[in-house]
Amino acid sequence: MEVKYSYLDKQFGEPEELLNQIRAVVGTGFFTLGPQVPEFEKKFAAVCGVKHAIGVGNGTDALMLILKSLGIGPGDEVITASNSFVASAGAIAIVGAKPVFADVGADYNLDPAKLEAAITPRTKAILPVHLTGNPADIDPILEIAKRHRLYVVEDAAQAIRAEYKGRRVGSLGIAAGFSLHPLKNLNVWGDGGVITTNSDYLDEKLRLWRNHGMRTRDEISFFAHNSRLDTVQAAVGLKLLDELEGITQKRLVFGRLYDSLLSDVPGVVLPPRRSDVFQVFHTYIIQADKRDELLRFLETRGIETKVHYPTPIHLQPAARYLGYRPGDLPATEEQARRILTLPIHQYLSEDHIRYVAAGIREFYGRG
Ligand SMILES: *Cc1c(COP(=O)(O)O)cnc(C)c1O
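Given the structure is predicted, the values throughout are model-derived calculations rather than measurements.

(A) Geometry of the packing of helix α2 (residues 16–28) against helix α9 (residues 231–241). Two numbers describe how α2 lies on α9: the axes approach to 9 Å, and their chain directions differ by 145 degrees. Crossing geometry of α2 relative to α9 is assigned as right-handed. Between α2 and α9, the residues in contact are Glu17, Leu18, Gln21, Ile22 and Val25 and Thr231, Val232, Ala235, Val236 and Lys239, respectively. Residues that form the contact of α2 with α9 fall into these classes: six nonpolar, two polar and two charged.

(B) View of unusual backbone geometry. In this model, histidine 308 is joined to tyrosine 309 through a cis peptide bond whose omega is 10 degrees. Along the chain, tyrosine 309 turns up in the loop between α11 (291–300) and α12 (330–338). You will see that threonine 132, though not glycine, has its phi angle at about 70 degrees, which is positive. Structurally, threonine 132 can be placed in the loop between β4 (123–127) and α7 (138–147). Residue classification places threonine 132 among the buried positions, given a relative accessible area of 5%. A positive phi is found at phenylalanine 281, a non-glycine position, where the angle reads about 45 degrees. Its place among the elements puts phenylalanine 281 in the loop between β13 (277–278) and β14 (284–288).

(C) Structural context of the site of the ligand. What surrounds the ligand is a group of 13 residues, the closest being Gly59, Thr60, Asp155, Ser179 and Lys184. In this structure, threonine 60 approaches the ligand through a side-chain N or O atom, which is 2.5 Å from an oxygen atom. Between the ligand and the protein, one listed contact pairs an oxygen atom with a side-chain N or O atom of glutamine 158 at 3.0 Å. Considered on its own, the ligand offers 380 Å² of accessible surface; in the complex 93% of this is hidden by protein. Under a 2 Å grid-point criterion requiring more than half of the atoms, the pocket assigned to the ligand is the largest pocket.

(D) Inspection of empty space enclosed by the protein at higher detail. Applying the stated criterion across every chain, the model contains four cavities of 30 Å³ or more. What lines the largest cavity is simply Asp107, Tyr108, Thr132, Asn134, Pro271, Arg273, Gln279, Phe281, Thr283, Tyr284 and Ile285. Residues of the lining of the largest cavity, tallied by class, amount to five nonpolar, four polar and two charged. Approximately 40 Å³ is the volume attributed to the second largest cavity. Lining the second largest cavity we find Phe44, Ala156, Ala157, Ala159, Ile160, Phe178, Ser179, Leu180, Lys184 and Leu186. Of the residues in the lining of the second largest cavity, the class split is eight nonpolar, one polar and one charged.

(E) Up close: the packing of helix α3 (residues 36–48) against α9. Contact geometry for α3 and α9: axes closest at 8 Å, N-to-C directions at 35 degrees. Remark: the crossing between α3 and α9 carries left-handed chirality. The residues of α9 that touch α3, namely those facing Gln36, Val37, Glu39, Phe40, Lys43, Phe44 and Val47, are Thr231, Ala234, Ala235, Gly237, Leu238 and Leu241. Counted by class, the contact of α3 with α9 contains eight nonpolar, three polar and two charged residues.

(F) Quick peek at the sheet that holds β13. Strand order in the open sheet formed by three strands is β7-β6-β13, with antiparallel pairing between adjacent strands. Edge positions in the sheet fall to β7 (167–168) and β13, since each has one partner strand and no second. Note: strand β6 (residues 163–164) against β7, two bridges, orientation antiparallel. Residue glutamate 163 lies in a different strand from β7, and its bridge partner there is arginine 168.

Parameters at a glance
Residues numbered from 1 in each chain as written. Predicted model: local features only at pLDDT ≥ 70, side-chain atom pairs only at ≥ 80, totals over all residues. Heavy atoms only, no water. Axes fitted to C-alpha atoms, helices over the stretch in contact; angles between N-to-C directions. Helix = DSSP H or I, 4+ residues; strand = E, 2+ residues; numbered from the N terminus. Left-handed = near helix turned anticlockwise from the far one by under 90°. Contact = heavy atoms within 4.5 Å. Nonpolar A, V, L, I, M, F, W, Y, C, P; charged D, E, K, R; others polar. Buried < 20%, exposed > 50% of the residue type's maximum accessible area, 1.4 Å probe, protein only. Near = heavy atom within 4 Å. Polar contact = N/O pair within 3.5 Å; in protein donor to acceptor, adjacent residues only side chain to side chain. Areas by Shrake-Rupley, 256 points an atom, 1.4 Å probe, with all protein chains shown as cover. 1 Å grid on protein atoms, 1.4 Å probe; cavity = no way out; pocket = protein on both sides within 12 Å on 5 of 7 lines; lining within 4 Å. Sits in = over half its atoms within 2 Å of the grid points. Points joined across faces, edges and corners; volume = space filled by probe spheres on them. Pairing = 2+ DSSP bridges.

Scope: geometric values only; no functional claims are made or implied.
Given below as structure tokens:
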């Protein structure tokens, strides 16, 4: 058996229906901000249980434009996690603010107990990442933010449809950034992103920030970016939104199956599972003794795994100017040496999941 990590070649085996929708866009000539964009935004907002969704060019721009619209820039600090895709910190840095990293807990998300030590008089916001599609423990984070008068901006790129105590991800802070990159649970045929917010003020601002600050064709309110969700991509996104429940359900079933097959394996540590969250398993990450050997062993069985992410952001060359040293974020760094991402995409079957789990059990002598 072969278990591939990547699946994009499978995703559009029958693209005809989608191609017809794109042909319809081409026929109208509405390539920028055509009617499919607000239609997609309305449906996306409904999925997140928020008033507003704003389609933008990609997930990185979503975060960057949120920070811009909150007035965050040079001289300000924003706290985030270091075990994320680089864009969580990159968005902070490109608005001119300073990324500050706080350590994570066993759930791979920002540890509320470690947050306050990272707050300074310059801190303006906390940017929790819902890594793997598992919501960060947001209530204590919101409580700390309130006490220090900070914004909470969600990096929800991996977590569309996830819930924390009955509230959907995307509705938990002042605003949230989503990515529609091909490898995300909800994707388009290239780059795309979405911002969600319940704030009418931010909604109005963000629509200007993504479109040259243009209030009307002839009136420019302020100099801004050009970062819109393409009409063609909105048409693709609309189609895939209809499939989101099915995609989520499949990943959830596979996640629970892995949990049940791996929970008793010595050498494997699963993250704690909370009963008051709904996680959407963008990735399935374990901690494993002898991680690199396990990775190679699984490879010999035809099982492709990945490491998300081998080098934490604070130890990347890009972050050198921030002055972090190995040892500054002990949990993040320890996890980086131990984490392994197992295949969990919606084109697998339960047999694939059982096969992967059997390989891991065999490696640790529990076959
Ligand atoms: C994918 C991702 C992003 C960036 O999204 P792009 O659309 O690729 O710009 C940001 N944060 C996290 C956690 C991501 O996984």
